[in-house]
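Descriptive structure summary
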Amino acid sequence: MSYVDGFVVPVPTKNLAAYRKLARTAGKVWRDHGALDYKECVADDVSPGKHTSFPQSVKLKPGETVVFSWIVYKSRAHRDKVNKKAMADPRLACMMDPKSMPFDGKRMFWGGFKVFVSI
């Protein structure tokens, strides 16, 4: 079975082009270092729920949208190796300054997941 890192990020709609540029670079870096797949998806059908939802999870503000992303690896050990290389890649260095990010990193959340079902 494979391993997946998942991310949910609130992005100001006016910053989507800048976010896409950042995501394309990040995706290339992760794929160059061995990630099997890299996806960044912008919200299309994510209404606020009664108890929880994607918008509520990131405390979505007016003028923002939710981006849901994932990276696929062979295993957690493979993920750890790929992430170590990716985080040391100079192509990411310019994107790591919180002041220059096109989103609020404090409201981003992420986690690693073992694939439980794959059809």
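Placed above this text is the structure.
I will try to describe carefully the structure that is included in this document. Treat the numbers as computed from the prediction; the structure is a model and nothing was measured.

**So, the packing of aromatic side chains**
Enumeration over the complete set of coordinates arrives at three aromatic pairs. Here the aromatic residues Phe54, Phe68 and Trp70 are joined through ring pairs into a cluster of three or more.

**Some thoughts on the pattern of salt bridges**
Here the structure, examined in full by the defined rule, presents eight salt bridges. With a shortest N-O distance of 3.3 Å, aspartate 37 and lysine 39 are connected by a salt bridge. The class of aspartate 37 is partly exposed, set by a relative accessible area of 22%. Its salt-bridge partner being aspartate 89, residue arginine 91 comes within 2.8 Å of it at the nearest N-O pair. A relative accessible area of 33% means that arginine 91 is categorised as partly exposed. On the basis of relative accessibility, which here comes to 8%, the residue aspartate 89 falls in the buried class.

**Some words on the sheet that holds strand β1 (residues 3–12)**
Read across the open sheet, the four strands follow the order β2-β3-β1-β4; overall the sheet is antiparallel. Two strands lie at the open edges of the sheet, namely β2 (37–42) and β4 (109–114), each paired on one side alone. The average undirected angle you get between the axes of adjacent strands in this sheet is 15 degrees. Relative to strand β3 (residues 64–73), β2 runs antiparallel, the two sharing six bridges.

**Structural notes on the nonpolar core**
Core analysis: the biggest nonpolar cluster contains 20 residues, and Tyr19, Trp30, Ile71, Tyr73 and Leu92 have the highest contact counts within it. A total of six residues in this core trace back to one element, the largest contributor, which is helix α1 (residues 16–32). Once you skip the residues sitting within four places of it in the chain, tryptophan 30 turns out to touch Ala35, Tyr38, Ile71, Tyr73, Val82, Asn83, Ala86, Met87 and Leu92.

**Some points on the layout of surface pockets**
Of the volumes computed, that of the largest pocket is approximately 620 Å³. Of all the elements in the fold, those that place two or more residues in the lining of the largest pocket are β1, α1, β2, β3 and α3 (76–88). The biggest single contributor to the lining of the largest pocket is α1, with four residues. Looking at the lining of the largest pocket, its residues break down into 18 nonpolar, three polar and four charged. In this model, the second largest pocket occupies a volume close to 250 Å³. Around the second largest pocket, the lining residues are Leu16, Tyr19, Arg20, Ala23, Arg24, Tyr38, Glu40, Cys41, Val42 and Val67. Taken together, the elements giving at least two residues each to the lining of the second largest pocket come down to α1 and β2. If you tally residues by element for the lining of the second largest pocket, the top one is α1, at five residues.

Each value, and the rule that gives it
Residues numbered from 1 in each chain as written. Predicted model: local features only at pLDDT ≥ 70, side-chain atom pairs only at ≥ 80, totals over all residues. Heavy atoms only, no water. Phe/Tyr/Trp six-rings, centres within 6.5 Å; stacked < 30°, edge-to-face > 60°. Salt bridge = Lys/Arg side-chain N within 4 Å of Asp/Glu carboxyl O. Buried < 20%, exposed > 50% of the residue type's maximum accessible area, 1.4 Å probe, protein only. Pairing = 2+ DSSP bridges. Helix = DSSP H or I, 4+ residues; strand = E, 2+ residues; numbered from the N terminus. Axes fitted to C-alpha atoms, helices over the stretch in contact; angles between N-to-C directions. Core = buried A, V, L, I, M, F, W, Y, C linked by side-chain atoms within 4.5 Å. Contact = heavy atoms within 4.5 Å. 1 Å grid on protein atoms, 1.4 Å probe; cavity = no way out; pocket = protein on both sides within 12 Å on 5 of 7 lines; lining within 4 Å. Points joined across faces, edges and corners; volume = space filled by probe spheres on them. Nonpolar A, V, L, I, M, F, W, Y, C, P; charged D, E, K, R; others polar.

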